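Structural description and commentary
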2 protein chains.
Amino acid sequence: MKIALIGAGNLATNLGRALVEAGHVVCQVYSHTKESADALAMRLGSMGVNILSEVVTDAQLYIVALKDSALAEVLPTLVKGREYALWVHTAGSVPMDMWKEYGLKHYGVLYPMQTFSKAREVDFAEIPFFLEASGKVEMDILRSLASSLSRNVHEADSEQRKFLHLSAVFACNFTNAMYTASARLLEEHGLPFDAMLPLIDETARKVHSLHPSDAQTGPAVRYDKNVIDKHLALLDKHPLYKELYELTSRIIHETK
Amino acid sequence: MKIALIGAGNLATNLGRALVEAGHVVCQVYSHTKESADALAMRLGSMGVNILSEVVTDAQLYIVALKDSALAEVLPTLVKGREYALWVHTAGSVPMDMWKEYGLKHYGVLYPMQTFSKAREVDFAEIPFFLEASGKVEMDILRSLASSLSRNVHEADSEQRKFLHLSAVFACNFTNAMYTASARLLEEHGLPFDAMLPLIDETARKVHSLHPSDAQTGPAVRYDKNVIDKHLALLDKHPLYKELYELTSRIIHETK
């Protein structure tokens, strides 16, 4: 199958790599900067373009991995003359019906729920893929493609995918924000962030066998006001972290 | 060395187990309820008591693992007649100097930085222990004890320990609160929390090789208002989670 990859960001980079490793051919990479398009294309043995009219017209599958706000800018021009192909996007929060606006017949969603950074290669085998498609044939194609990358392939409709994405923001993006706060507080006092890693690992491992509400520990769960007040005083120079500490402690205590 | 364990909560339970596994003898377990004292004592091949005057007077080391607010209630009575021994507490936020109030000469802090639940056995070998002691002899005893449990033993003064504990609250307790929010949102929509585990694991693994501020992904880092507004609308029924979403997104965006 001839695949064109629209986008060269974190997700496109990791997905492109995984596709090529699994033996697929990515015939072209589009990005709105030539530099990004070429950088990824080179890694994929592909060609980079940054002009929409130069995107190949004969791909069988267009995988669109752009930030949500770029979709409406790029797609009206891009889709034109390429309506026969299968089009998928990779976004958690964008409903599949978006494709109808562009007069397409074959479309769907290929949503790999993972955190991607260009600097880090991710093992795709365990990544949950959530698929949605306009029909049975399209779903079969997407399932076969996703299954060549991962053992963890599911179907999810647009409504479920919205909540998967929202939940992933809490479990991943906001978790990482807690790590960052922790790192900053340590570094300001000459302590290495590495000291936190065993604790971070155990916190993640723990919820494989306990529900997170049963795994909760710390001063907020028992509402130890003595400790909480001391911690708030230590955060006087960080008003946003202080607000975060107060709110999260309240949530832990009130929703336990 | 004859050790008395004062406390039978999550930390005391896990520490007691690790001590016994490493070949130490815990001669007694105190808790203010007989039931908890006996339950832990039975697992440690020890004796449980819930009356302060029945605590042995001939232990060489008293390890006090009580919640911070209980220290001032229990210690004045408990220390009396046992001043010759080495006394340590296990709390991140309590300064070592606390012991001076009780007229002790041999004292210190044994702070294992980890999240402990009674329902889950933790491998102590990797847990960072942070030690502080009133003198060289006391430090040698604590270092030898901690090294029999873990390969990861450090010294830290009371000021550093305050920030270690505060940072641990962010990296562990608040991280777990994000997992809980994620689990609740999924479960309300008939989706299994297990689907998040590959993402949770990768989020933790990632900060072993990238600084968390470089590992940050998601709509907040690029301030994708389109996605953020959709997510806030999905949280209408959860005002506290909505507030948490707004605040954490602001923190991610403003401190990147």
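Each value, and the rule that gives it
Residues numbered from 1 in each chain as written. Chains lettered and ligands numbered in written order. Predicted model: local features only at pLDDT ≥ 70, side-chain atom pairs only at ≥ 80, totals over all residues. Helix = DSSP H or I, 4+ residues; strand = E, 2+ residues; numbered from the N terminus. Buried ≥ 20, exposed ≤ 12 C-beta atoms within 10 Å, placed from the backbone. Contact = placed C-beta atoms within 7 Å. Axes fitted to C-alpha atoms, helices over the stretch in contact; angles between N-to-C directions. Parallel < 35°, antiparallel > 145°, perpendicular 65-115°, else oblique. Nonpolar A, V, L, I, M, F, W, Y, C, P; charged D, E, K, R; others polar. Pairing = 2+ DSSP bridges. Least-squares fit on C-alpha atoms with pLDDT ≥ 70 in both. Arc of directions from axis to C-beta. Core = buried A, V, L, I, M, F, W, Y, C linked by C-beta atoms within 7 Å. Right-handed = clockwise from strand over helix to strand, strands pointing away. pLDDT = per-residue confidence, 0-100.

**Here's the deal with the overall build of chain A**
The number of helices and strands found in chain A is 9 helices and 8 strands. With the C-alpha coordinates aligned to their principal axes, the bounding extent of chain A is approximately 65 × 35 × 30 Å. Counting every position in chain A, which comprises 256 residues, the buried fraction comes to 50%. Contacts in chain A between residues at least 24 apart in sequence constitute 53% of all its contacts with a sequence separation of at least 6.

**Re the packing of helix α5 (residues 158–187) of chain A against helix α6 (residues 197–206) of chain B**
The contact between α5(A) and α6(B) brings their axes to 9 Å, and the two run at 5°. Accordingly, the angle class assigned to the pair α5(A) and α6(B) is roughly parallel. For the pair α5(A) and α6(B), contact is made by A168(A), A171(A), C172(A), T175(A) and N176(A) and by L199(B), I200(B) and T203(B), respectively. Considered class by class, the residues forming the contact of α5(A) with α6(B) number 5 nonpolar, 3 polar and no charged.

**What about the interface of chain B and chain A?**
Listed by partner, the interface residues are 82 residues for chain B and 82 residues for chain A. Breaking the side of chain B that touches chain A down by element, the ones donating at least two residues are α3 (68–79), α5 (158–187), α6, α7 (212–215), α8 (225–234) and α9 (239–254) of chain B. The dominant element in the side of chain B that touches chain A, judged by the number of residues it contributes, is α5(B), at 24 residues. Considering only residue class, the side of chain B that touches chain A consists of 43 nonpolar, 26 polar and 13 charged.

**A word on the sheet that holds strand β3 (residues 47–49) of chain B**
All names here are of chain B. As summarised here, the arrangement of the 8 strands in space is β3-β2-β1-β4-β5-β6-β7-β8, forming an open sheet in which the pairing is mixed. Whereas interior strands pair on both sides, the edge strands pair on one side only; in this sheet they are β3 and β8 (153–155). Going across the sheet, the axis of each strand differs from the next one's by a mean of 25°, ignoring polarity. Its contacts with the sheet place helix α2 (residues 34–44) against β2 (25–30) and β3, and it is angled at close to 165° to β3. Set on the sheet, α5 makes contact with β6 (107–112) and β7 (129–133); between it and β7 the angle comes to about 155°.

**Some remarks on the relation of the copies chain B and chain A**
Once chain B has been moved 0.0 Å along the axis and rotated by 180°, it coincides with chain A to within an RMSD of 0.1 Å. The transformation relating the two chain copies, once decomposed into turn and shift, fits a two-fold axis. Relative to the rotation axis, the C-alpha of T175(B) is the closest in chain B, positioned 2.5 Å from it. A high fraction, 100%, of the interface residues of chain B reappear at the interface in chain A, so the copies pair face to face through one surface.

**Considering unusual backbone geometry**
At Y223(A), a residue that is not glycine, the phi angle is positive and equals roughly 35°. Topologically, Y223(A) is positioned in the loop between α7 (212–215) and α8 (225–234).

**Brief notes about α8(A)**
Restricting attention to buried positions, one finds in α8(A) the residues V227(A), H231(A) and L234(A). The buried side chains of α8(A) occupy one side of the element, clustering within an arc of 55° when seen end-on. Exposed residues pointing more than 90 degrees away from the buried face of α8(A) are listed as K225(A), D229(A) and A233(A). Buried positions along α8(A) lie against α9 (239–254) of chain A together with α3 and α5 of chain B.

**Structural notes on the sheet that holds strand β8 (residues 153–155) of chain A**
All names here are of chain A. Read from one edge to the other, the open sheet built from 8 strands follows the order β3-β2-β1-β4-β5-β6-β7-β8, with strand pairing classed as mixed. Each edge of the sheet is formed by a strand with only one pairing partner; in this case those strands are β3 (47–49) and β8. Put simply, the sheet's adjacent strands are angled 25° from each other on average, direction ignored. Pairing geometry for strand β1 (residues 2–6) and strand β2 (residues 25–30), over 5 bridges, is parallel. Within β2, the position partnered with L5 by the bridge is V29. The sheet contacts of helix α4 (residues 136–147) involve β5 (86–89), β6 (107–112), β7 (129–133) and β8, and relative to β7 the element is tilted by about 165°. In the packing of α5 onto the sheet, contacts are made with β6 and β7, and the angle to β7 comes to roughly 155°.

**Some details on the nonpolar core**
Grouped burial of nonpolar side chains is what soluble globular proteins tend to show. If you look at the biggest cluster of nonpolar residues, it comprises 175 residues, and the most contacted ones within it are I6(A), I63(A), I6(B) and I63(B). In this view, I6(A) contacts Y30(A), Y62(A), I63(A), V64(A), A65(A), L66(A) and L78(A); residues no more than four positions away in its chain are not counted.

**Remarks on the pairing of β7(A)**
Residues and elements named next belong to chain A. β7 sits mainly inside the fold: 5 of its 5 residues count as buried. Of the two faces of β7, the one lined by F129, L131 and A133 and the one lined by F130 and E132 are each fully buried. Two strands pair when backbone bridges link them, and β6 and β7 are joined in this way by 5 bridges, in the antiparallel orientation. Bridged to Y111 within β7 is F130. Both β7 and β8 contribute to a ladder of 3 bridges, which runs parallel. Opposite F129, over in β8, you have V153 as the bridge partner. Taken together, β7, α4 and β8 form a β-α-β motif whose crossover is right-handed.

**Concerning the confidence of the model for chain A**
In the predicted model, chain A carries a mean pLDDT of 96, and the fraction of residues at 70 or more is 100%. Overall fold confidence for the complex sits at a pTM of 0.91, while the interface term, ipTM, reaches 0.91.

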